[in-house]
Amino acid sequence: MQVDALPLAMPHVAHFQRQGIEELYPPQAETVEAGICDGENVMAAIPTASGKTLIAQLAMLTADGPGLYIVPLRALATEKHATFSELPGVDVGIATGDYDSPAAELADHDIVVATSEKVDSAIRNGASWVDDIGCVVVDEVHLLGQADRGPTLEVTLAHLRRLTPGVQLVALSATVANADEIADWLGAKLVESDWRPVDLRTGVADSDAITYDDETSDPLGIDAAELPPDADLDTETTAQLVDDALADGGQSLAFVRSRREAESLAERLRGDADDTSDTTQADREAVADEIETLDGTVTGQRLADCVRDGVAFHHAGLRSGHRALVESAFRKRTLDAICATPTLAAGVNVPARRVVVRDQQRYTGSGTEWLPVLEIHQMCGRAGRPHLDPYGEAILVDTDDPEALAERYLGTDPEAVESKLASEAALRTHVLSIIASGFAETESGILDVLAATFYAHQTPVDDLAGIVAAVIEELIEMGLVVRDSGDNEPTDGNVLAATEIGATVSTQYITPETGVRIVEGLRTAGEMAEPTALTALEIICDTPDMHDTYLGNEERAAIYEYARQHADEFTTAMGDAEDFERWLEAVKTARILAEWSEGATIETLVERYRLGPGDLDSRIERADWLLSAADAVADVLGVSLPAISRVRTQL
DNA sequence: GCCAATATGATTTAGACAGCATGTC
DNA sequence: CTAAATCATATTGGC
């Protein structure tokens, strides 16, 4: 199927042709046959890099009304915003927590790219633009199965379909076992395909050889006797695989389990660096300089040093600026290899000739577990750059038992996507928001709303009745919801309403537990002689919405002492903390933020408290959000805590 | 008795979404 | 309750 045969405006056809797109890829053509240009709901479950973006564009450009493109990550929102903005005559907006384009009202744009939480939030707050949407594209729908964020996505989609009955839905997914079930839920035609624009060879390797799926093999020739005695065989094999690809003119991505190992593998690969052309070396120097300009942290310095030798590491402890520099340098072929934690597999588009997965297990809080097949496949899917590489290669390393590894991950179907909505934590949040935004006011009304979710499609929605009833009782007890009859009879005729606090919790997008913690904290603070910045920070750091900060054993004593010294500034007495260890972690986070607000530099804090620069950034960002939520709650309570706004301006 | 090799024990472990306000020159 | 790799310190062993 030719691009110029599509029902697109001439400038758009010309735009795609300029990009070298004349003929659609087979899966793309299938979505057209499924009616993607005619307003039909379509779900495409196809590999990474097989042209999902064009499918989305076809839908949004031909839809009757503005398009909404939902992504799971802010970095992806930025990336898609840039891509769509290249379309001639198309005005693209972006709506994420950290950035709203001016007038992020959908009505003012042809396309808005937003994160799922941002869309959920807009719906809760009654944004009017929702009614005008002509087409919703959901990227990475398989994330429906994530325990933490999946429920938000399915509830949001359920709301969207209810509020805008005729919208066209387009779902883009990785290959999963039950794509048909998701498509069915969305009333979409399913296009499923393994087709890729670049061939992908997959295989496993031990120190002797790579064994590909097609039963061919390539020798590696690592002589264990020649290695230094402390060398790790898996690591050496990985290094060899990267070096071989490089000798063949291809870039590599290497996936390992932890941040520390990503960094040490990068250091290891630096040693193999060979000479490059002067222009490439100049580019590397330029990128390294930029990295150093961003901050003077040890992590940044180490990264810059690696980049000078043509390798980089990549993980969530890096600041987003550093990550973006690494990604773009790799895309420009300035770098030979990136050693990464699994962040990179699900993030922005960073394809490479060869992908090496050294580690396939991950610590989960209760021992190590095998990574899901889906995740390994996403890493492998990064192999092969269309038009640049003749083929892609994905190699899993295990020097002990490569056959078992091949059996587990290669030629194996990914797991099915299962709804995680039936958890109390997820339902507390969403039941409250349904009540607060007036979508339902009785238990059965709530169940009606939830009947449109993926959970209800997989399981009779009545199965939720018990949990929903329990959750309503909890919300009442928490003071976020009331029954208007006043008697607390849980009969169905009773009308439910959010309290003023409950409504604030919902619009501020904090979890009910966080809301309650803030209310308690503010009440206690109100009785204190002199609440300080630390008081405000302790409140918001001791909530589930602030992420914990690892508290090492050695630090523990110091933080304990700090907590004792500042006991009169805290809203929790040391003996009263329900979970003392967690509370101490919260104190550590609060202390870091307090020092930050007093002018400590990122360089100092990162070394003093042993956290990544990116971790500090994310905590500051969260603190800003939670303090503003606390401000709003304080307003409702009628208490004033000037310390809140004071710290906020200093973050 | 000194230093190094080795054993034992302690420490550490992926990632990252969300608010928002009102008038102003 | 279920792990595994790395790092720090203690212990042993060779000379």
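Residues numbered from 1 in each chain as written. Chains lettered and ligands numbered in written order. Predicted model: local features only at pLDDT ≥ 70, side-chain atom pairs only at ≥ 80, totals over all residues. Heavy atoms only, no water.

Tallying secondary structure elements over chain A gives 27 helices and 19 strands in all. A principal-axis box enclosing the C-alpha atoms of chain A has dimensions of 75 × 60 × 45 Å. Within the span of chain A, comprising 651 residues, buried residues form 53% of the whole. Partitioning the intrachain contacts of chain A with sequence separation of at least 6 by distance along the chain shows that 71% fall at a separation of at least 24. Summing over all exposed atoms, chain A offers an accessible surface of approximately 26,900 Å²; the carbon and sulfur share of this is 47%. (Helix = DSSP H or I, 4+ residues; strand = E, 2+ residues; numbered from the N terminus. Buried < 20%, exposed > 50% of the residue type's maximum accessible area, 1.4 Å probe, protein only. Contact = heavy atoms within 4.5 Å. Areas by Shrake-Rupley, 256 points an atom, 1.4 Å probe, with all protein chains shown as cover.)

Turning to the sheet that holds strand β1 (residues 42-45), a few remarks are in order. Here seven strands make up an open sheet; going across it, the order is β3-β4-β2-β5-β6-β1-β7 and the pairing parallel. This sheet does not close on itself; its edge strands, each paired only once, are β3 (92-95) and β7 (189-192). With strand direction ignored, the average angle separating the axes of adjacent strands in the sheet is 15°. Of the strand pairs in this sheet, strand β5 (residues 135-138) and strand β6 (residues 168-173) are connected by four bridges, and their pairing is parallel. Among the inter-strand pairings, Val 137 is bridged to a residue of β6, identified as Val 170. Across the sheet, helix α5 (residues 116-124) touches β2 (67-71), β3 and β4 (111-115), and the angle it forms with β4 is around 105°. (Pairing = 2+ DSSP bridges. Axes fitted to C-alpha atoms, helices over the stretch in contact; angles between N-to-C directions.)

The geometry of an aromatic ring pair is captured by two quantities: the separation of the ring centres and the angle between the planes. As enumerated under the stated definition, the model contains seven aromatic pairs in all. Ring geometry for Tyr 69 against Phe 84: centres 5.1 Å apart, planes inclined by 75°, an arrangement best described as edge-to-face. Highlighted residues: Tyr 69 in strand β2 and Phe 84 in helix α4 (residues 74-85), separated in sequence by 15 residues. A residue is classified by how much of its surface remains accessible, and Tyr 69, at 1% relative accessible area, is buried. Overall, Phe 84 belongs to the buried group, its relative accessible area being 0%. Judged by centre distance (5.9 Å) and plane angle (35°), the rings of Phe 580 and Trp 583 are tilted. Here Phe 580 pairs with Trp 583, and both are found in helix α24 (residues 580-597), just three residues apart, close to one helical turn. The structure contains a cluster of three or more aromatic residues connected by ring pairs, namely Tyr 560, Phe 570, Phe 580 and Trp 583. The positively charged end of Arg 162 is found above the aromatic ring belonging to Phe 439, 4.7 Å away from the centroid. (Phe/Tyr/Trp six-rings, centres within 6.5 Å; stacked < 30°, edge-to-face > 60°. Lys NZ or Arg CZ within 6 Å of the ring centre and 35° of its normal.)

Now for the protein's contact with DNA strand C. In the vicinity of DNA strand C, the residues found are Arg 257, Arg 260, Glu 261, Tyr 363, Ser 366, Gly 367 and Thr 368. Counting only atoms of DNA strand C within 4 Å of the protein, the sugar-phosphate share comes to 48%. Note that a sugar or linking oxygen of DNA strand C is positioned 3.0 Å from one of the backbone N or O atoms of Thr 368. When its residues are assigned to classes, the surface near DNA strand C shows one nonpolar, three polar and three charged. (Near = heavy atom within 4 Å. Polar contact = N/O pair within 3.5 Å; in protein donor to acceptor, adjacent residues only side chain to side chain. Nonpolar A, V, L, I, M, F, W, Y, C, P; charged D, E, K, R; others polar.)

With that settled, consider the packing of helix α22 (residues 533-541) against helix α26 (residues 613-637). Where α22 contacts α26, the two axes come as close as 10 Å, and the packing angle between them is 100°. Taken together, the axes of α22 and α26 lie roughly perpendicular to each other. Between α22 and α26, the residues in contact are Ala 536, Leu 537 and Ile 540 and Ala 623, Leu 626, Leu 627 and Ala 630, respectively. Counted by class, the contact of α22 with α26 contains seven nonpolar, no polar and no charged residues. (Parallel < 35°, antiparallel > 145°, perpendicular 65-115°, else oblique.)

Looking now at the nonpolar core. Ranked by internal contacts, the top residues of the largest apolar core, which has 95 residues, are Ile 36, Tyr 69, Leu 253, Phe 255 and Leu 396. Counting residues per element, this core draws most heavily on helix α3 (residues 52-62), at six residues. Looking at this core, you find at least three residues from each of domain 1 (3-192) and domain 2 (200-405). Among the nonpolar cores identified, the runner-up in size contains 72 residues, and Leu 432, Leu 551, Ile 602 and Leu 626 belong to it. (Core = buried A, V, L, I, M, F, W, Y, C linked by side-chain atoms within 4.5 Å. Domains from an automatic or database assignment.)

A separate point is the UniProt feature "binding site: ATP" (unreviewed entry) in chain A. Feature annotation in UniProt places "binding site: ATP" (unreviewed entry) on Gln 28, given in this structure's numbering. Within the secondary structure, Gln 28 is located in helix α2 (residues 26-33). Setting aside chain neighbours within four positions, we find Gln 28 in contact with Ser 50, Gly 51, Leu 54 and Ile 55. (UniProt positions renumbered as here; feature names shortened; annotations may be inferred.)

What follows concerns the protein's contact with DNA strand B. Taken together, 34 residues sit near DNA strand B, with Gly 97, Ser 121, His 547, Arg 622 and Ser 628 positioned nearest. Here a sugar or linking oxygen of DNA strand B sits 3.0 Å away from a polar atom, N or O, in the side chain of Arg 149. Separating a base nitrogen of DNA strand B from a side-chain N or O atom of Arg 622 is a distance of 2.3 Å. Those elements that place two or more of their residues in the surface near DNA strand B are α5, β15 (361-363), α20 (500-508) and α26. If one sorts the elements of the surface near DNA strand B by residue count, α26 sits on top with four residues.

It is worth spelling out the environment of Ser 207 at this point. Here Ser 207 lies in the loop between β8 (200-205) and β9 (209-212). Considering only alpha carbons, one finds Ser 207 and Tyr 69, 138 residues apart in sequence, at a separation of 45 Å.

Read from one edge of the open sheet, eight strands run β10-β9-β8-β17-β14-β11-β13-β12, paired in mixed fashion. One side of each edge strand has no neighbouring strand; the edge strands of this open sheet are β10 (217-219) and β12 (311-314). Going across the sheet, the axis of each strand differs from the next one's by a mean of 20°, ignoring polarity. Here β9 runs beside β10; their pairing, made up of three bridges, is antiparallel. Along β10, the bridge assignment pairs Thr 211 with Ser 217. Where helix α12 (residues 320-331) meets the sheet, it contacts β11 (252-255), β12 and β13 (337-340), and its direction lies at approximately 135° from that of β12. Running over the sheet, helix α15 (residues 402-409) touches β8 and β17 (392-397) and is turned about 140° from β8.

The set of residues buried in helix α17 (residues 443-450) consists of Gly 445, Ile 446, Leu 447, Val 449 and Leu 450. Looking at the buried side of α17, the elements it contacts are α6 (150-163), α16 (424-436), α18 (454-458), α19 (465-477) and β19 (496-498).

Further remarks concern the environment of Cys 339. Assignment of secondary structure puts Cys 339 in strand β13. Taking C-alpha positions, Cys 339 is 9.3 Å from Arg 259, a pair spaced 80 residues apart along the chain. Not counting residues up to four positions away in its chain, the partners in contact with Cys 339 are Ala 254, Ala 262, Leu 265, Ala 266, Leu 269, Ala 312, Phe 313 and His 314.

Here we come to the packing of α20 against α26. In contact at an axis separation of 10 Å, α20 and α26 are set at 160° when each is read in the N-to-C sense. Between α20 and α26, the angle is such that the two are roughly antiparallel. As for the relative orientation of α20 and α26, their crossing is right-handed in sense. Contacts from Glu 500, Ile 501, Thr 504 and Gln 508 of α20 reach α26 at Trp 625, Ser 628, Ala 629, Ala 632, Val 633, Val 636 and Leu 637. Per-class residue counts for the contact of α20 with α26 are seven nonpolar, three polar and one charged. (Left-handed = near helix turned anticlockwise from the far one by under 90°.)

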